Amino acid sequence: QGVFLLFLVCVAPPYVDAITFNDAGFFSEPVATLAPFKPVGVTFAPDGRIFIWQRDGVIRIVKNGTLLPTPFMDFSSKVNTYTDHGFLGVALDPNFAANGWVYVFYTYEAGGNPNDTAPKTGHLSRVTADPTNPDVMLANSEVILLGTLDVPPCSQYPVGADCFPTDSYTHSVGSLRFLEDGTLMASHGDGASASFADVLALRSQSLDSYAGKLLRIKPDGSAPQAPLTENPFNDGSNSIRSKVWAYGLRNPFRFGVHPTTGLPWIGDVGWNTWEEINKGVPGANYGWPCWEGNGQQPGYQASFPTQCQPVTAAVVTNPSYTYDRTVGSAAIGGAIFTGAQYPAAYVGNFFF
């Protein structure tokens, strides 16, 4: 079982260090015990069941305080878990109680080897709970919504093709979260290497690639059109750019959504120096790979000066909060706390 260290940052400055779990205002209790290092996310069904998803493609359910022995689903045969890859995003449909729809986001493995190191793609899919036994998935119910072109590498397809690129060992699929208007947000990393200044990271600056993006889509995978609020780069079609909410991200592995404004708050994992917490403003360019933190990224500026030249301070949105590796690494976006169980100082603030 993991131990989570929480930092607290106010939605507006100043930054506040979190109280540790030694504080009298907190207590903890075990809910379920799973294999170490496998669980990566938790969500709650309207009836109180807890859905816990694992990096290896398995979803477990805690029902009436008990971890059910049979998984809700097991996609382990088609999930690649090499380093950063895995089955990382899950969201229940807003009308889950009636339709049983579960949305999943995972690094796709066609060859059956979860540790295969070759380039990969991703699937953003929907599965359905079995109406006769909603504690398990209805067999063969997967519908691939995005990422239908899943034979890697994505570079073999035309620009703007429906392919999630994961060419290296890092920065693959991310989170799924529904907004109040019923649209779905999804985050995806740049799919490039963390070992050197990789030309593939420049896809984060292209509106015609899923790499390094925060997406907003309808539940069927299409781009929101009127009468819904349209996305900032909508071109009236079902293009990738019509689905982009924000771009210029490196690895927006986890993000939360503000309950009042509806804006996402993103934890963007940095390279060697800077971590970022970004307010997900529609149309924002966060600058990666040409910028990182509050300044230019020297490695990419030196390696790709021509490509980075148009990515100026005038077009880059700086982080709401940034910290360097002397503080910590791998920023993981959390949630805006709106409950009543924590002390009052935590209410309305963003955990990461």
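Summary of the structure given here. Being a predicted model, the structure only gives us computed values, none of them experimental. (Residues numbered from 1 in each chain as written. Predicted model: local features only at pLDDT ≥ 70, side-chain atom pairs only at ≥ 80, totals over all residues. Heavy atoms only, no water.)

### A few points about the overall build of the protein chain
If you tally the helices and strands in the protein chain, you get three helices and 23 strands. Computed over C-alpha atoms, the radius of gyration of the protein chain comes to 20 Å, within 12% of the 20 Å expected from 2.2 N^0.38 for 352 residues, which places it in the range of a compact globule. Expressed along its principal axes, the backbone C-alpha trace of the protein chain runs to roughly 60 × 50 × 45 Å. For the protein chain, with 352 residues in total, the buried portion stands at 51%. Of all intrachain contacts in the protein chain linking residues separated by at least 6 positions in sequence, the fraction that spans at least 24 positions is 55%. Between the centroid of the 19 positive side chains of the protein chain and the centroid of its 29 negative side chains there is a distance of 2 Å. (Helix = DSSP H or I, 4+ residues; strand = E, 2+ residues; numbered from the N terminus. Rg over C-alpha atoms; globule rule 2.2 N^0.38 Å. Buried < 20%, exposed > 50% of the residue type's maximum accessible area, 1.4 Å probe, protein only. Contact = heavy atoms within 4.5 Å. Lys, Arg positive; Asp, Glu negative; His and termini not counted. Charge placed at Lys NZ, Arg CZ, Asp CG, Glu CD.)

### Points about the pairing of strand 8 (residues 87-92)
If a strand is regular, its side chains alternate between the two faces of the sheet. Burial runs high along strand 8: six of the six residues are buried. Pairing between strand 8 and strand 9 (residues 101-108): five bridges, direction antiparallel. Across the sheet, glycine 89 pairs through a bridge with phenylalanine 105, a residue of strand 9. (Pairing = 2+ DSSP bridges.)

### Points about the sheet that holds strand 15 (residues 213-217)
Paired through backbone hydrogen bonds, the strands of a sheet run either parallel or antiparallel to each other. Ordered in space as 13-14-15-16, the four strands form an open sheet in which the pairing is antiparallel. The sheet is open, and its two borders are formed by strand 13 (173-178) and strand 16 (244-246), each paired with just one other strand. Sheet twist, expressed as the average angle between the axes of neighbouring strands with direction ignored, equals 30 degrees. Taken together, the five bridges between strand 14 (residues 184-188) and strand 15 define a ladder with antiparallel strand orientation. Bridged to histidine 188 within strand 15 is lysine 213. (Axes fitted to C-alpha atoms, helices over the stretch in contact; angles between N-to-C directions.)

### As for the state of the cysteines
Scanning all chains against the criterion turns up two disulfides. The disulfide partner of cysteine 154 is cysteine 163, and the S-S distance across this bridge is 1.9 Å. Residues cysteine 154 and cysteine 163 share a disulfide whose torsion about the S-S bond is about -75 degrees; that sign makes it left-handed. Accessibility expressed as a relative area gives 12% for cysteine 154, which makes it buried. Assessed through its relative accessible area of 5%, cysteine 163 is described here as buried. A sulfur-sulfur separation of 2.1 Å characterises the disulfide bridge that pairs cysteine 290 with cysteine 308. Disulfide cysteine 290 to cysteine 308: torsion about the S-S bond roughly -80 degrees, handedness left-handed. A residue pair is termed long-range when its members are at least 10 positions apart, and cysteine 290 in the loop between strand 19 (274-279) and strand 20 (291-292) and cysteine 308 in helix 3 (residues 305-308) qualify at 18 residues. Note on cysteine 290: relative accessible area 0%, which makes it buried. (Disulfide = S-S within 2.5 Å.)

### Some details on the sheet that holds strand 18 (residues 264-268)
Read from one edge to the other, the open sheet built from four strands follows the order 17-18-19-22, with strand pairing classed as antiparallel. Of all strands in the sheet, those with a lone pairing partner are strand 17 (254-257) and strand 22 (321-324), marking the two edges. Direction aside, neighbouring strands of the sheet carry axes that sit 10 degrees apart on average.

### Here we look at the pattern of salt bridges
The final tally for this structure, using the stated rule, is eleven salt bridges. Here aspartate 181 and arginine 216 are joined by a salt bridge, their closest N and O atoms 2.7 Å apart. With aspartate 181 in the loop between strand 13 and strand 14 and arginine 216 in strand 15, this residue pair connects regions lying 35 residues apart in the sequence. Salt bridges linked by common partners bring Asp47, Arg49, Lys63 and Asp135 together as one network. (Salt bridge = Lys/Arg side-chain N within 4 Å of Asp/Glu carboxyl O.)

### Re the packing of aromatic side chains
Tallying each qualifying case throughout the model produces 23 aromatic pairs. When the centroid spacing of 5.6 Å and the interplanar angle of 10 degrees are considered together, the rings of tyrosine 346 and phenylalanine 351 count as stacked. Tyrosine 346 gets classed as buried once you look at its relative accessible area, which sits at 2%. Taking relative accessible area as the criterion, phenylalanine 351 reaches 10% and is therefore assigned buried. One aromatic cluster is present, built from ring pairs that chain together Trp265, Tyr321, Tyr323, Phe350 and Phe352. Between lysine 78 and the ring centre of phenylalanine 75, over which it is positioned, the NZ or CZ distance is 4.1 Å. Positioned over the ring face of tryptophan 101 is arginine 126, at 4.0 Å from the centre of the ring. (Phe/Tyr/Trp six-rings, centres within 6.5 Å; stacked < 30°, edge-to-face > 60°. Lys NZ or Arg CZ within 6 Å of the ring centre and 35° of its normal.)

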